[in-house]
Amino acid sequence: MKKLLTLCLLTAALAANAQGNDTLTIHGPRKVRIITGDSIQKVKVYGSENDSQYTYETSIQLVDSNYVSETFINKDWGFTLGSGQGRNGSGLRASRFVSSHFGVGLCTAVGADNPVSVLVGSSWELFWTIAEANRFFAGSHHGFSMGFGIGWRNYRMTDFNRFAKADDGIIYTEPYPAGSEPKFSRIKVFSLNVPLMWKYRFARSGTFSLGVVLNFNTYGSIKTRYEDADGKSHKDVAKHIHQKPFTLDLMGTLNIYGIGAYCKYSPMSTLQSAYSDNSNFQSLSFGVYL
């Protein structure tokens, strides 16, 4: 009975808005709202049998005993947070929105000098894209985005070599003192990130992206922990390790219903060549992308 009443109200509103023999039939709407006031009646339809994103809106005004009507189908409401509106005959909406992403994963050193043995299981990356402006065009699977964020990378060794910094600023690797029990030795780099991405939407809630991430590396440090032969604990810390002030990552992501994965590779070395002695490497990381 409720469905029949809703259908009758919708049919009446559409009939009042029709001109001549014009007829609009919407099969299987997800939701129908009918709003009636003293001088205006609005009918809003959300979804259809074949298109869950379909929208229809019509309003009928009584002015000086004459009906004045307005109708919108998939109206483009402009800039939004989270999703956009508007589409052409292909059914793909134009979309402009701002998003935020969080990534956590494992990283390792590739192309490293022999003494550098970074362990993937204990080396990690954490990054947060604070704001990313996205743009997709109506009728196209393709889009673009630009964002801003921050990130940390931790490159950790747990074997019998450690990172160290000489008095002249050179970063090198060396064995622990004889009889020592290593805990870890790591290089940490903090960066300001600017991702520039091409995106492809292959399903209603799926996106694949490729692009570059510009890294402005503002801080780097070395920390080493071990116990010497007498059982005494040591913590050695060095700052200003001459990381490269700018590096570039190649990045790919796959995201479905807000959950995905990423992979990043940097063809550029982490440390400045003039300050690295058998200690330089490139970065490879992969993990969860939300």
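Calculation criteria
Every chain begins its residue count from 1, and numbering advances along the sequence as written. At least 70 in pLDDT is required for a residue's local features to be given in this predicted model, at least 80 for side-chain atom pairs to be given and counted, and no such filter applies to totals for whole chains, interfaces and linings, which use all residues. The basis for the side-chain values is all heavy atoms of the structure; hydrogens and waters are excluded. The predictor attaches a confidence to each residue, called pLDDT, with possible values from 0 through 100. Helix numbering and strand numbering both begin at the N terminus, where a helix is a DSSP run of H or I of at least 4 residues and a strand a DSSP run of E of at least 2. The contact rule is simple, with two residues in contact once any of their heavy atoms fall within 4.5 Å. Buried Ala, Val, Leu, Ile, Met, Phe, Trp, Tyr and Cys residues that are joined via side-chain atoms within 4.5 Å together make up what is termed a nonpolar core. Exposed residues in this analysis have more than 50% of their type's maximum accessible area, buried residues have under 20%, and partly exposed residues fall in between, with area computed by a 1.4 Å probe over protein chains only. Lining residues are defined by having an atom within 4 Å of a point belonging to a cavity or pocket. Those points lie on a 1 Å grid over the protein atoms alone, cavities being sets where a 1.4 Å probe fits but cannot get out and pockets being open sets with protein on both sides within 12 Å along at least five of seven lines. Grid points are joined across faces, edges and corners, and a volume is the space filled by probe spheres set on the points. Each aromatic pair joins two rings of Phe, Tyr and Trp (for Trp, the six-membered one) with centres within 6.5 Å, and gets the label stacked for planes under 30 degrees apart, edge-to-face for over 60, and tilted for any other angle. A ring is scored as having a charge over it whenever the NZ atom of a lysine or the CZ atom of an arginine sits within 6 Å of its centre and within 35 degrees of its normal.

## So, the confidence of the model for the protein chain
Thinking step 1. This prediction gives the protein chain a mean pLDDT of 83; 80% of its residues lie at or above 70.
Thinking step 2. Put simply, helix 1 (residues 2–17) is where the protein chain has its lowest mean pLDDT, 48, and strand 11 (residues 206–227) is where it has its highest, 97.
Thinking step 3. Below pLDDT 50 for its whole length, residues 1–6 participates in two contacts with residues either more than four positions away or in separate chains.
Thinking step 4. Across residues 76–89, confidence stays below pLDDT 50; counting only partners more than four residues off in sequence or on other chains, it has 41 contacts.

## Some details on the nonpolar core
Thinking step 1. Core analysis: the biggest nonpolar cluster contains 15 residues, and Val-116, Ile-187 and Ile-222 have the highest contact counts within it.
Thinking step 2. Counting only elements with at least two residues in this core, the list comes to strand 5 (95–110), strand 7 (142–157) and strand 10 (181–203).
Thinking step 3. With residues near it in sequence (within four places) discarded, Val-116 still touches Ala-109, Met-157, Phe-163, Thr-173, Asn-278, Ser-279 and Phe-281.
Thinking step 4. Among the nonpolar cores identified, the runner-up in size contains six residues, and Val-213, Met-251, Tyr-262 and Tyr-289 belong to it.

## Points about empty space enclosed by the protein
Thinking step 1. Scanning the entire structure with this criterion turns up two cavities of 30 Å³ or more.
Thinking step 2. The space that makes up the largest cavity amounts to roughly 160 Å³.
Thinking step 3. Lining the largest cavity we find 20 residues, and of these Arg-153, Ser-191, Asn-215, Asn-217 and Thr-247 sit closest to its centre.
Thinking step 4. Broken down by secondary-structure element, the contributors of at least two residues to the lining of the largest cavity are strand 6 (124–136), strand 7, strand 10, strand 11 and strand 13 (246–256).
Thinking step 5. Ranked by the residues each element gives to the lining of the largest cavity, the list is headed by strand 7, at four residues.

## Some points on the environment of Ile-34
Thinking step 1. As for its position among the elements, Ile-34 is in strand 1 (residues 31–36).
Thinking step 2. Given the relative accessible area of 27%, Ile-34 is considered partly exposed.
Thinking step 3. Taking the C-alpha atoms as reference points, Ile-34 and Glu-57, 23 residues apart in sequence, are found 9.8 Å from one another.

## Focus: the packing of aromatic side chains
Thinking step 1. One pass over the structure, following the stated rule, counts nine aromatic pairs.
Thinking step 2. Summarising the aromatic geometry, the rings of Phe-127 and Tyr-262 are spaced 5.0 Å apart at their centres and angled 90 degrees between planes, so their arrangement reads as edge-to-face. Separated by 135 residues along the polypeptide, Phe-127 in strand 6 and Tyr-262 in strand 14 (residues 259–265) bring together distant segments of the chain. Residue Phe-127 shares its accessibility class with Tyr-262, and that shared class is buried.
Thinking step 3. With centroids separated by 5.3 Å and ring planes inclined at 55 degrees, the aromatic side chains of Trp-152 and Phe-190 adopt a geometry described as tilted. Separated by 38 residues along the polypeptide, Trp-152 in strand 7 and Phe-190 in strand 10 bring together distant segments of the chain.
Thinking step 4. Each residue in the set Phe-127, Tyr-262 and Tyr-289 is aromatic and connected to the rest through ring pairs, giving one cluster.
Thinking step 5. One cation-aromatic arrangement involves Arg-156 over Phe-184; the distance from NZ or CZ to the ring centre is 4.2 Å.
Thinking step 6. The ring of Phe-127 is capped by Lys-264, whose NZ or CZ atom sits 4.3 Å from the centre of that ring.

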